[in-house]
Amino acid sequence: MIRYPLIAVAVLGLVACSPPAGGGDPASPEGPATEQASADQAPFTTRALSDLITERGAEAALGDLLAAPEDPRWQATLDGISDGDISWMASAAPLVPFFDGEAAESGFAAFAHALALEPVTVLSSVGPDGMASVCEPYPPEETAAKQTALMAVPDDSPVVALRDECLTLLSGEPT
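Attention in this report is confined to the structure presented alongside it. (Residues numbered from 1 in each chain as written. Predicted model: local features only at pLDDT ≥ 70, side-chain atom pairs only at ≥ 80, totals over all residues. Heavy atoms only, no water.)

Notes on the packing of helix 5 (residues 72–82) against helix 7 (residues 102–114)
Here is step 1 of the chain: Orientation of helix 5 relative to helix 7, taken along the N-to-C sense of each, is 25°, at an axis distance of 7 Å. Classified by the angle their axes make, helix 5 and helix 7 are roughly parallel. Taken together, the residues of helix 7 that come into contact with helix 5 (itself represented by W74, L78, I81 and S82) are A103, S106, G107, A110, F111, H113 and A114.
Here is step 2 of the chain: A per-class count over the contact of helix 5 with helix 7 returns 7 nonpolar, 4 polar and no charged. (Axes fitted to C-alpha atoms, helices over the stretch in contact; angles between N-to-C directions. Helix = DSSP H or I, 4+ residues; strand = E, 2+ residues; numbered from the N terminus. Parallel < 35°, antiparallel > 145°, perpendicular 65-115°, else oblique. Contact = heavy atoms within 4.5 Å. Nonpolar A, V, L, I, M, F, W, Y, C, P; charged D, E, K, R; others polar.)

Here it is as structure tokens:
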């Protein structure tokens, strides 16, 4: 009945033969790759987005975010905007003038989704040039919520003209 020491020896043998957690020796081929992989897995934050824009400029930063298909940094930005997170919208606002193609499609769609949550921030972020894309009555099931949120924007708000234009666009009336 000496099973426990035998099991302990087997476990210790497995542990001793396993590579260390954290990638092992940085000089080995496995070390830097593992460290790079964990650096790539760090969450992308509003601070990281702002730093990228500061370092590269808004147009180049947007190009970086869209260079690889389904870049998790771009997806994190879109998710933050769609969730109505004010800090994500403020951080992404410098990118808006450079939205084109895929960036325009996905970026404006994220802002449009956030319109019912944070209308003042959305309108401030996209400005007059984004109205046609953000204030579309699509999807139809979100239109009423967007209109209700916009009607709650006070008349003395700095975005009142954009609010009125957006309400007109959402109603489907010609402008």
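Focus: the nonpolar core
Here is step 1 of the chain: Core analysis: the biggest nonpolar cluster contains 38 residues, and L95, F99, F111, L115 and V134 have the highest contact counts within it.
Here is step 2 of the chain: Secondary-structure elements contributing two or more residues to this core are helix 3 (46–56), helix 4 (58–67), helix 5, helix 6 (86–92), helix 7, helix 8 (119–126), helix 9 (131–134) and helix 11 (160–171).
Here is step 3 of the chain: The leading source of residues in this core is helix 7, at 7 residues.
Here is step 4 of the chain: Apart from the residues lying within four places of it in its own chain, the contact partners of V134 are F108, F111, A112, L115, V122, V126 and K146. (Core = buried A, V, L, I, M, F, W, Y, C linked by side-chain atoms within 4.5 Å. Buried < 20%, exposed > 50% of the residue type's maximum accessible area, 1.4 Å probe, protein only.)

Some thoughts on the side chain of T77
Here is step 1 of the chain: Here T77 lies in helix 5.
Here is step 2 of the chain: At 2.9 Å, the side chain of T77 forms a polar contact with the backbone oxygen of R73.
Here is step 3 of the chain: Excluding anything up to four places from it in sequence, T77 contacts F44, L49, W88 and A92. (Polar contact = N/O pair within 3.5 Å; in protein donor to acceptor, adjacent residues only side chain to side chain.)

Re the side chain of T121
Here is step 1 of the chain: By the secondary structure assignment, T121 is in helix 8.
Here is step 2 of the chain: Look past the residues within four positions of T121 in its chain and what remains in contact with it is I86 and M89.

A closer look at the pattern of salt bridges
Here is step 1 of the chain: As enumerated under the stated definition, the model contains 5 salt bridges in all.
Here is step 2 of the chain: In this structure, D51 engages R47 in a salt bridge whose closest nitrogen and oxygen atoms are separated by 3.4 Å. With D51 and R47 both in helix 3, this residue pair falls 4 residues apart, about one helical turn.
Here is step 3 of the chain: Overall, the relative accessible area of 30% leaves D51 in the partly exposed class.
Here is step 4 of the chain: Note that R73 and D71 form a salt bridge whose closest N and O atoms lie 2.9 Å from each other.
Here is step 5 of the chain: What you see here is one network of salt bridges that share partners, running through D155, R163 and D164. (Salt bridge = Lys/Arg side-chain N within 4 Å of Asp/Glu carboxyl O.)

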